[in-house]
Amino acid sequence: MGLNRKTFRLKLPSRTLALGERTLVMGVLNVTPDSFSDGGKFLQPETAIEHAFAMERAGADLLDIGGESTRPGSVETSASEELDRILLVLEALRGRFKIPISVDTRRASVADLAIRAGAEIINDVSGLRSDPQIAEVAARHGMPLILMHMRGEPRTMQTGGFAGDVVKDVLQGLRKSAAVARKAGVAKSQIILDPGIGFGKSFAQNYELLEKLPQLAKLGYPLLVGTSRKGFLGATLARDGKPASPEERIWGTAATVTASILNGAHIVRVHDVAEMVQVARVSDCLVDPKHRPKN
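Quick notes on the rules
Residues numbered from 1 in each chain as written. Predicted model: local features only at pLDDT ≥ 70, side-chain atom pairs only at ≥ 80, totals over all residues. Heavy atoms only, no water. Pairing = 2+ DSSP bridges. Helix = DSSP H or I, 4+ residues; strand = E, 2+ residues; numbered from the N terminus. Contact = heavy atoms within 4.5 Å. Axes fitted to C-alpha atoms, helices over the stretch in contact; angles between N-to-C directions. 1 Å grid on protein atoms, 1.4 Å probe; cavity = no way out; pocket = protein on both sides within 12 Å on 5 of 7 lines; lining within 4 Å. Points joined across faces, edges and corners; volume = space filled by probe spheres on them. Nonpolar A, V, L, I, M, F, W, Y, C, P; charged D, E, K, R; others polar. Phe/Tyr/Trp six-rings, centres within 6.5 Å; stacked < 30°, edge-to-face > 60°. Buried < 20%, exposed > 50% of the residue type's maximum accessible area, 1.4 Å probe, protein only. Polar contact = N/O pair within 3.5 Å; in protein donor to acceptor, adjacent residues only side chain to side chain. Expected span 1.5 Å × (residues − 1). Core = buried A, V, L, I, M, F, W, Y, C linked by side-chain atoms within 4.5 Å. Salt bridge = Lys/Arg side-chain N within 4 Å of Asp/Glu carboxyl O. Parallel < 35°, antiparallel > 145°, perpendicular 65-115°, else oblique. Left-handed = near helix turned anticlockwise from the far one by under 90°.

Caption draft 1: View of the sheet that holds strand β4 (residues 62–66). Read from one edge to the other, the open sheet built from 8 strands follows the order β8-β7-β6-β5-β4-β3-β10-β9, with strand pairing classed as parallel. Looking at the sheet topology across the chains shown, the edges are occupied by β8 (191–194) and β9 (224–225). As judged from the 3 bridges shared by strand β6 (residues 121–124) and strand β7 (residues 145–148), these two strands associate in the parallel manner. Paired with Asn123 across the strands is Ile146, a residue of β7. Docked against the sheet, helix α2 (residues 79–93) engages β3 (24–30), β4 and β5 (101–104), running at close to 150 degrees with respect to β4. Across the face of the sheet, helix α4 (residues 133–141) comes into contact with β6 and β7 while running at roughly 165 degrees to β6.

Caption draft 2: Fine view of the layout of surface pockets. There is about 250 Å³ of room inside the second largest pocket. Per-element accounting of the lining of the second largest pocket gives the leading share, 7 residues, to helix α5 (residues 166–183). Split by residue class, the lining of the second largest pocket holds 6 nonpolar, 6 polar and 4 charged.

Caption draft 3: Focus on the environment of Lys212. Within the secondary structure, Lys212 is located in the loop between α6 (203–211) and α7 (213–217). Separated by 48 residues in sequence, Lys212 and Ser260 place their C-alpha atoms 9.6 Å apart.

Caption draft 4: The packing of aromatic side chains, seen in detail. A full pass over the atoms with the stated rule returns 2 aromatic pairs. Taking the centre distance of 5.4 Å and the plane angle of 70 degrees together, the rings of Phe53 and Phe97 count as edge-to-face. One end of the pair, Phe53, is in helix α1 (residues 45–57); the other, Phe97, is in the loop between α2 and β5, with 44 residues separating them in the sequence. Phe97 matches Phe53 in its accessibility class, with the two residues each being buried.

Caption draft 5: Layout of the side chain of Thr227. With respect to the helices, strands and loops of the structure, Thr227 is situated in the loop between β9 and α8 (231–236). Judged by its relative accessible area of 2%, Thr227 is buried. There is a polar contact of 2.7 Å between the side chain of Thr227 and the side chain of Thr256. When sequence neighbours within four positions are dropped, the list of residues in contact with Thr227 reads Ile197, Leu210, Phe232, Leu233, Thr253, Thr256, Val257, Ser260 and Arg269.

Caption draft 6: View of helix α9 (residues 250–262). Counted at 1.5 Å a residue, the expected span for α9 with its 13 residues is 18 Å, and the 18 Å between its end C-alpha atoms agrees. Of the positions making up α9, those classed as buried are Ile250, Gly252, Thr253, Ala254, Thr256, Val257, Ser260, Ile261 and Leu262. Once α9 finishes, Gly264 follows within two positions and takes phi at roughly 110 degrees, a positive value.

Caption draft 7: Main features of the nonpolar core. The biggest cluster of nonpolar side chains holds 71 residues, and the ones touching the most others in it are Leu29, Leu63, Ile65, Leu93 and Leu145. Looking at which element gives the most residues to this core, the answer is α5, with 7 residues. Discounting chain neighbours no more than four positions away, the residues touching Leu63 are Gly27, Leu29, Ala52, Met55, Leu93, Phe97, Ile99, Pro100, Ile101 and Ser102. Leu19, Leu24, Leu62 and Ile121 belong to the second largest nonpolar core, which has 13 residues in total.

Caption draft 8: Molecular detail of the pattern of salt bridges. Going through the model one piece at a time under the given rule, you end up with 15 salt bridges. A salt bridge links Asp104 to Arg269, with the shortest nitrogen-to-oxygen separation between them at 3.2 Å. Here Arg269 lies in strand β10 (residues 267–270) and Asp104 lies in strand β5, a separation of 165 residues in the sequence. For Glu208, the salt bridge identified is with Lys212, shortest N-O distance 3.1 Å. Overall, Glu208 belongs to the partly exposed group, its relative accessible area being 25%. Owing to a relative accessible area of 25%, Lys212 belongs among the partly exposed residues under this scheme. Shared partners join several salt bridges into a network, and the residues in it are Asp64, Asp104 and Arg269.

Caption draft 9: Representation of the packing of helix α3 (residues 108–116) against α4. Direction vectors running N to C along α3 and α4 enclose 25 degrees, while the axes themselves pass 8 Å from each other. Between α3 and α4, the crossing angle belongs to the class labelled roughly parallel. Of the two elements, α3 crosses α4, and the hand of that crossing is right-handed. Across the interface between the two elements, Ala108, Ala111, Asp112, Ile115 and Arg116 of α3 pack against Gln133, Ile134, Val137, Arg140 and His141 of α4. A class-by-class count of the residues in the contact of α3 with α4 yields 5 nonpolar, 2 polar and 3 charged.

So this is what it looks like as structure tokens:
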């Protein structure tokens, strides 16, 4: 199989991250009342902060904090509400947290304030379609920018109108997002692309994207893939016509994380950190012989 995952260097204010030498695991922290997989669980700042430290202990390489739900059918959160949620957590972690924090937002104002509060990466699930000024914020602070492909808007993205050719659609969208970012002054070496599994794709198209990740790698950027606990896994693992609940999707997630890594993902974004750290470590032994244990 011999995979050659390209290596990249990502410059953060606190350190340089090597991408591709081994898979980095990004833990998800949703500080929202209605996230699809852990809605309301971490809305209280104390619980959120505790969970952040638990993910760090479990081996997360990065933490992604979001204060706005973008699950299918979700209604927009106000900027002030989104900020209140994440700033409390960022301030509490400041100086005590060892791993870099990424802020998951579609608003430039939120990204800017989160960076001032210690976030070191911006993760825009709309790929600069909601607020192109996010790219200017990233450029001004010299921050890495994750650009995700989303077809449609969270409120309506799963109600139909899927692309005829999903790979072509995602390639076009990501090319466009990267061009907008670079025009705003973001260095090519500071951009990460995410195909947006589950965001305006049919269940079958999510699998097709995982299968064809090597085509996305040809764009020349590091890849982040987030499949964790998503609806297509619920549908795949349905019993008696009832989708598996988010908690019952961990093994299915493990299979997709393995597939993502074998097909070239540099970062995997997950809810179940301890489990997926093991999955990543073993998958990396297939990607690069140097990771294999000696006996």
